[in-house]
Amino acid sequence: MERINVTKSFLPPQEEYQNYLSKIWDTSWLTNNGPLVVELESKISNYLDEKYFAFLGNGTIALQIAIKALDLSGEIITTPFSYCATTTSILWENLKPVFVDINPLDFNINADLIEAAITENTSAILATHVYGNPCEVEKIETIAKKHNLKVIYDAAHAFGVKYKGKSLLSYGDISTCSFHSTKVFHTVEGGSIICHSQELFDKIKLLRSFGHILDDYYLAGINGKNSEFHAAMGLCNLNHLGNIIEGRKAIFRLYDKLLNWDNLYKPTEKDNNLEYNFAYYPVVFDNDKVTKEVILKLNAENIYPRRYFYPSLNKLSYIEDIDECPISESVSTRVLSLPLYPDLDPEIVAKICKIINSTI
Ligand SMILES: *Cc1c(COP(=O)(O)O)cnc(C)c1O
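Residues numbered from 1 in each chain as written. Predicted model: local features only at pLDDT ≥ 70, side-chain atom pairs only at ≥ 80, totals over all residues. Heavy atoms only, no water.

A. View of the sheet that holds strand E15 (residues 282–285). Pairing is antiparallel across the open sheet formed by three strands, whose spatial order is E13-E15-E17. The open sheet has two edge strands, strand E13 (264–265) and strand E17 (335–337), and neither has a second partner. Where E15 lies against E17, three bridges are found, and the strand directions are antiparallel. Each residue of the ladder has a partner; that of Val 283, found in E17, is Leu 336. (Pairing = 2+ DSSP bridges. Helix = DSSP H or I, 4+ residues; strand = E, 2+ residues; numbered from the N terminus.)

B. Structural view of the site of the ligand. The full set close to the ligand counts 15 residues, and Gly 59, Thr 60, Asp 154, Ser 178 and Lys 183 are the nearest of them. Gly 59 is positioned with one of its backbone polar atoms (N or O) 2.7 Å from an oxygen atom of the ligand. The fraction of the free accessible surface of the ligand (380 Å²) that becomes covered by protein chains is 91%. Listing elements by their share of the shell around the ligand, those giving two or more residues are helix H3 (59–69) and helix H4 (84–92). A breakdown of the residues in the shell around the ligand according to their chemical character gives three nonpolar, 10 polar and two charged. (Near = heavy atom within 4 Å. Polar contact = N/O pair within 3.5 Å; in protein donor to acceptor, adjacent residues only side chain to side chain. Areas by Shrake-Rupley, 256 points an atom, 1.4 Å probe, with all protein chains shown as cover. Nonpolar A, V, L, I, M, F, W, Y, C, P; charged D, E, K, R; others polar.)

C. Looking closely at the sheet that holds strand E7 (residues 162–163). Within the open sheet, the three strands sit side by side as E8-E7-E14. Their pairing is antiparallel. Each having just a single partner strand, strand E8 (166–167) and strand E14 (274–275) make up the two edges of the open sheet.

D. Representation of the domain arrangement of the protein chain within the structure. Under the domain assignment, the protein chain is made up of domain 1 (14–235) and domain 2 (241–359). The gap between the C-alpha centroids of domain 1 and domain 2 is 25 Å. Listed by partner, the interface residues are 38 residues for domain 1 and 35 residues for domain 2. Considering only the side of domain 1, the residues that lose the most area to domain 2 are Phe 99, Tyr 131 and Val 184, jointly responsible for 23% of the buried surface there. (Domains from an automatic or database assignment. Contact = heavy atoms within 4.5 Å. Buried area = accessible area lost by both parts, 1.4 Å probe.)

E. Inspection of the pairing of strand E5 (residues 122–128) at higher detail. Here E5 lies mainly inside the structure; seven of its seven residues are buried. Alignment of strand E3 (residues 75–78) against E5, held across four bridges, turns out to be parallel. Note that in E5 the partner of Ile 77 across the bridge is Ile 125. The sheet contact formed by E5 and strand E6 (residues 150–154) spans five bridges and is parallel. For Leu 126, the partnering residue across the bridge sits in E6 and is Ile 152. Remark: the E5/helix H6 (residues 137–147)/E6 crossover connection has right-handed handedness. (Buried < 20%, exposed > 50% of the residue type's maximum accessible area, 1.4 Å probe, protein only. Right-handed = clockwise from strand over helix to strand, strands pointing away.)

F. Region of the structure containing the environment of Ser 358. Mapped onto the secondary structure, Ser 358 falls in helix H12 (residues 346–359). Given the relative accessible area of 57%, Ser 358 is considered exposed. Considered as a pair, Ser 358 and Asp 286 are 72 residues apart in the sequence and their alpha carbons are 14 Å apart. There is a polar contact of 3.0 Å between the side chain of Ser 358 and the backbone oxygen of Ile 355.

G. The packing of helix H10 (residues 288–300) against H12, seen in detail. Packing of H10 against H12 leaves a shortest axis separation of 10 Å and a crossing angle of 145°. Crossing of H10 over H12 shows right-handed handedness. On the side of H10, the interface is formed by Val 290, Glu 293, Val 294, Lys 297 and Leu 298, while H12 contributes Ile 352, Ile 355, Ile 356 and Thr 359. Along the lines of polarity and charge, the residues of the contact of H10 with H12 split into six nonpolar, one polar and two charged. (Axes fitted to C-alpha atoms, helices over the stretch in contact; angles between N-to-C directions. Left-handed = near helix turned anticlockwise from the far one by under 90°.)

H. H10, seen in detail. The terminal C-alpha atoms of H10, which comprises 13 residues, lie 18 Å apart, in line with the 18 Å expected from a rise of 1.5 Å per residue. Of the positions making up H10, those classed as buried are Val 290, Thr 291, Val 294, Ile 295 and Leu 298. For H10, the angular spread of the buried residues around the axis is 145°, confining them to a single face. Seen from the open side of H10, the exposed residues pointing more than 90 degrees away from its buried face are Lys 289, Leu 296 and Ala 300. For H10, the elements touching its buried residues are E15, strand E16 (303–304), E17 and H12. (Expected span 1.5 Å × (residues − 1). Arc of directions from axis to C-beta.)

Set out below in structure tokens:
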């Protein structure tokens, strides 16, 4: 039996990648803001309709550079329901994550609970658009303006999503994205930052290249660059993005149709203001016992869903002050992301649904 994972990385036709490799061999320019990185940045910038787009080594360094670039200090209000990198980036910068619970509809941070968590030490809000579903961006912006806070969105799931006519990556002071192989659009490893001022953009580009330009040393930066080989993969994959999203959508709608929703639910889809990228297919079971039973039964068929996201990040062993987040804690023990990728065999989807329906 073929192993079925939660995702399967897209690979373009090999000749397309080869064409870019020939260009790399022509110049021997492998990294340090080479021509393919510049080309990818310009193409993605156009695609997103955003002027300030920087391609980076990965989505985690993007978060860390975002925190540095905005000079954040003290406490950052964040979501407990995300990948661990959202939290560890805050810890890595020696700041304190303050967790605010999620809303039960789409599992994004509950904007109505943010104000109560603000203290005189709060410098920012770092929220994730979980599964590519938009946070309450207007409410969050209003709160941030009122309390003079910065807003960073971890938009690792949101490439290809449009909300109210513009890319979801346009919101916040900074949005970061991951182009890891498991994401809808990938560059093998990779990440990015979108921001909205030339000054901040210059600082981000400086931070990503050790903080210096030739012999002029301005800031204590880091190595956040990415290579020509990764940019080449991005240039290939960008041309296929529309088909990738369409393919995911077909599988997504098949699950919608075949699952029995009596004892199961999934995050609510936003209204028609949203152009979605079909990044994940999360379902939530009644309790953790049934969730584990489903995992075992699927594993027995060589099918491996993932617990995106478990554990609730406020419960990580290295978090000092526990903020209670009952909804996130509850959802995280009951959620599974089901296999989702364009060439997933519909027969396998039917099999997964049959196993789930007969277990719940
Ligand atoms: C994938 C992911 C990251 C990390 O991105 P990398 O490119 O793997 O470093 C951060 N946050 C979220 C929500 C993610 O899904």
